[in-house]
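# Results of the structural survey
Read off the chains here:
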Amino acid sequence: FLGAGGGNDIQWCFSQVKGAVDDDVAEADIISTVEFNHSGELLATGDKGGRVVIFQQEQENKTQSHSRGEYNVYSTFQSHEPEFDYLKSLEIEEKINKIRWLPQKNAAQFLLSTNDKTIKLWKISERDKRPEGYNLKEEDGRYRDPTTVTTLRVPVFRPMDLMVEASPRRIFANAHTYHINSISINSDYETYLSADDLRINLWHLEITDRSFNIVDIKPANMEELTEVITAAEFHPNSCSTFVYSSSKGTIRLCDMRASALCDRHSKLFEEPEDPSNRSFFSEIISSISDVKFSHSGRYMMTRDYLSVKIWDLNMENRPVETYQVHEYLRSKLCSLYENDCIFDKFECCWNGSDRQVKFLSLCTSDLSNIVMTGSYNNFFRMFDRNTKRDITLEASRENNKPRTVLKPRKVCASGKRKKDEISVDSLDFNKKILHTAWHPKENIIAVATTNNLYIFQDKMN
Amino acid sequence: QDSQEKDKSIPPERAEEAKLKAKYPNLGQRPGGSDFLMKRLQKGQKYFDSGDYNMAKAKMKNKQLPSAGPDKNLVTGDHIPTPQDLPQRKSSLVTSKLAG
């Protein structure tokens, strides 16, 4: 099972791929976020065109024991539209930066989606019956001539083809001067935070006309600006605790009980840098692009340009583990700077918390023992914290047959390239995997290439 | 060979930095980061000043405002950008291909 060997002992197989086959990618189709809901039954994607597509997992077919249910389109809607702010001369992109699901409370599903400026709460509900037999209306809605009505009847609900409707229930607007990079729902399930480059706001899900500012790092004089907020997340269990990461590679943990404005951190996580190693690129590649708490909240993981770091919340002065994602890029920084790739924001995610491991696990570890993150050339990487083994896989339509185990890939950094290896200079830097997601309970992963969504599952016996 | 030995002692990051400075000698003295912060904060900024526009409209009264030439991205000199000059942002009316 999952816990025994970890990342390398899971045998990943291709399951599905969604999206257009052609190479000519329209900008609107660029996937910008991927997120499973809390049960894993639903998988949402957001794109640069402001659209959200939700997939639903089929109910497991008991006769088809060789694979878990497939994901099919459940709902799709336009979440955000482009806007132009004439007053500030600012173009507001409709690109969906983040989607976060609320835990399910009733028949409907709720998610938060955000672009650079506005967060929206969407309700996704099913309708599978409709009332029929009105007295005053025909079935098509036209009003009947009242003089023809001679009897009364009670309208009844009759089954209809399933219709899934998405409607915006709350619009949280006008609270961010800068660009929103993160939203995170609190463990109290009543509030959430939204973070932009310089500020973090706290909202109540029911209230749209008021928001509390809890972090403000804007300097009085903008010339003194040295760092910006890059990501933020609430602690999974402690409703007064959250962290935010910066462009300088630091993470600050704040406790909302300490003061109304959490400008003074409770903890500052920073790895000391060897000053002799400092270069023009140091700060850029140390910028943290994503931060994710582990399931228990004891650890958190950060992603910077070249590595993933695991931090123990009890130790501020250095990470407990560091995993190199693509260290071979360090000798390509000049060209990566020239083509802007050095500014790519990779996300990272933990494995789901497997039910089996919870009952059978003997170790004190966290249940969060595998890290997944993307790279270039449509490669993505997994690191097993227990075995210290790692693997590189590729999301590609070639050589991907269902139930065939994916072949590990290897990049040849220098020296003689072996057969089946790919040299650094042959990597396609336009094929980036920035967004990945792991099913909360099963070994199913969703990996987004530029405009396609791949779903992989572990090989079941 | 001499150059190989040199490579061993120079960390790859420094070697890359030297390459960059050789190409762009005027690159800011500040470490990479600060310039990008400002650029990041200003993402999405277009050059349209509602004050200039309204004042120019008032001055011109009934005359037409000069519109941008064929290259709408090139707005320079005395030309006052108008809302019509700004690239039109069409919303995506097409369904996502992921849902296809």
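All of these numbers come straight from a predicted model, not from anything done at the bench.

## Considering the overall build of chain A
Across its full length, chain A carries 4 helices and 32 strands. In summary, chain A has a C-alpha radius of gyration of 24 Å against a globular reference of 23 Å for 461 residues, a match within 12%. With respect to the principal axes defined by its C-alpha atoms, chain A has extents near 95 × 60 × 50 Å. Here chain A holds 461 residues, and 53% of them are scored as buried. Long-range contacts, defined as pairs at least 24 residues apart, comprise 56% of the intrachain contacts of chain A with a sequence gap of at least 6.

## Quick notes on the sheet that holds strand β1 (residues 12–18) of chain A
All names here are of chain A. The 4 strands lie next to each other as β1-β32-β31-β30, forming an open sheet whose pairing is antiparallel. The open sheet terminates on both sides in strands that have one partner only, identified here as β1 and β30 (435–438). Strand-to-strand twist of the sheet, defined as the mean angle between neighbouring strand axes without regard to direction, takes the value 20°. Here β1 runs beside strand β32 (residues 453–458); their pairing, made up of 6 bridges, is antiparallel.

## Quick look at unusual backbone geometry
Residue and element names in this part refer to chain A. If you check the backbone angles, Asn174 has positive phi at about 65° while not being a glycine. A residue is classified by how much of its surface remains accessible, and Asn174, at 79% relative accessible area, is exposed. Despite not being glycine, Arg403 has its phi angle at roughly 70°, a positive value. Looking at the element boundaries, Arg403 is found in the loop between β27 (390–394) and β28 (410–412). Its relative accessible area of 45% is what places Arg403 among the partly exposed residues.

## Quick notes on the pattern of salt bridges
Under the counting rule described, the total for this entry stands at 40 salt bridges over all chains. A salt bridge links Asp344(A) to Lys432(A), with the nearest nitrogen and oxygen atoms 2.9 Å apart. Separated by 88 residues along the polypeptide, Asp344(A) in the loop between α3 (333–338) and β24 (348–350) and Lys432(A) in the loop between β29 (421–423) and β30 bring together distant segments of the chain. Notably, a salt bridge pairs Arg381(A) with Asp390(A), separated by 2.8 Å at the nearest N-O pair. On the basis of relative accessibility, which here comes to 10%, the residue Arg381(A) falls in the buried class. One salt-bridge network, held together by shared partners, links Asp29(A), Asp47(A), Arg51(A) and Lys97(B).

## Digging into the interface of chain B and chain A
Counting residues at the interface gives 40 residues for chain B and 64 residues for chain A. When chain B packs against chain A, close to 4,400 Å² is buried across both sides, 57% of that on carbon and sulfur atoms. A salt bridge links Arg40(B) to Asp197(A); the nearest nitrogen and oxygen atoms lie 2.9 Å apart. At the boundary of chain B and chain A, one finds 15 residue pairs in polar contact (both at pLDDT 80 or more).

## Observations concerning the side chain of Asn97(A)
All names here are of chain A. Looking at where Asn97 falls in the secondary structure, it is placed in the loop between β7 (90–92) and β8 (98–101). One polar contact links Asn97 to Lys95, side chain to side chain, over a distance of 3.1 Å. Of the polar contacts made by the side chain of Asn97, one reaches the backbone oxygen of Asn115; its length is 3.4 Å. Apart from residues lying up to four places away in sequence, Asn97 is in contact with Ser32, Thr33, Thr114, Asn115, Asp116 and Ile180.

## Remarks on the packing of aromatic side chains
On inspection of all chains with the given rule, the structure shows 23 aromatic pairs over all chains. Taking the centre distance of 6.4 Å and the plane angle of 70° together, the rings of Phe14(A) and Phe456(A) count as edge-to-face. With a gap of 442 residues between them, Phe14(A) in strand β1 and Phe456(A) in strand β32 connect regions that are remote in the sequence. Accessibility assignment for this pair places Phe14(A) and Phe456(A) in one class, buried. An aromatic cluster of at least three residues, connected via ring pairs, comprises Phe280(A), Phe281(A), Tyr337(A), Phe343(A) and Phe36(B). The aromatic ring of Tyr134(A) is capped on one face by Lys137(A), whose charged end is 4.8 Å from the ring centroid. Over the ring of Tyr299(A) we find Arg385(A), and its NZ or CZ is 4.4 Å from the ring centre.

## A look at the confidence of the model for chain B
Residues and elements named next belong to chain B. With 48% of its residues at a pLDDT of 70 or more, chain B shows a mean pLDDT of 69. Per-element averaging of pLDDT across chain B places helix α1 (residues 2–9) at the bottom with 47 and helix α2 (residues 12–23) at the top with 91. pLDDT under 50 marks residues 1–7. Its contacts with residues more than four places away, or in other chains, come to 0 contacts. Interface scoring of the predicted complex returns ipTM 0.75; its pTM is 0.87.

Reading the values: rules and limits
- Residues numbered from 1 in each chain as written.
- Chains lettered and ligands numbered in written order.
- Predicted model: local features only at pLDDT ≥ 70, side-chain atom pairs only at ≥ 80, totals over all residues.
- Heavy atoms only, no water.
- Helix = DSSP H or I, 4+ residues; strand = E, 2+ residues; numbered from the N terminus.
- Rg over C-alpha atoms; globule rule 2.2 N^0.38 Å.
- Buried < 20%, exposed > 50% of the residue type's maximum accessible area, 1.4 Å probe, protein only.
- Contact = heavy atoms within 4.5 Å.
- Pairing = 2+ DSSP bridges.
- Axes fitted to C-alpha atoms, helices over the stretch in contact; angles between N-to-C directions.
- Salt bridge = Lys/Arg side-chain N within 4 Å of Asp/Glu carboxyl O.
- Buried area = accessible area lost by both parts, 1.4 Å probe.
- Polar contact = N/O pair within 3.5 Å; in protein donor to acceptor, adjacent residues only side chain to side chain.
- Phe/Tyr/Trp six-rings, centres within 6.5 Å; stacked < 30°, edge-to-face > 60°.
- Lys NZ or Arg CZ within 6 Å of the ring centre and 35° of its normal.
- pLDDT = per-residue confidence, 0-100.

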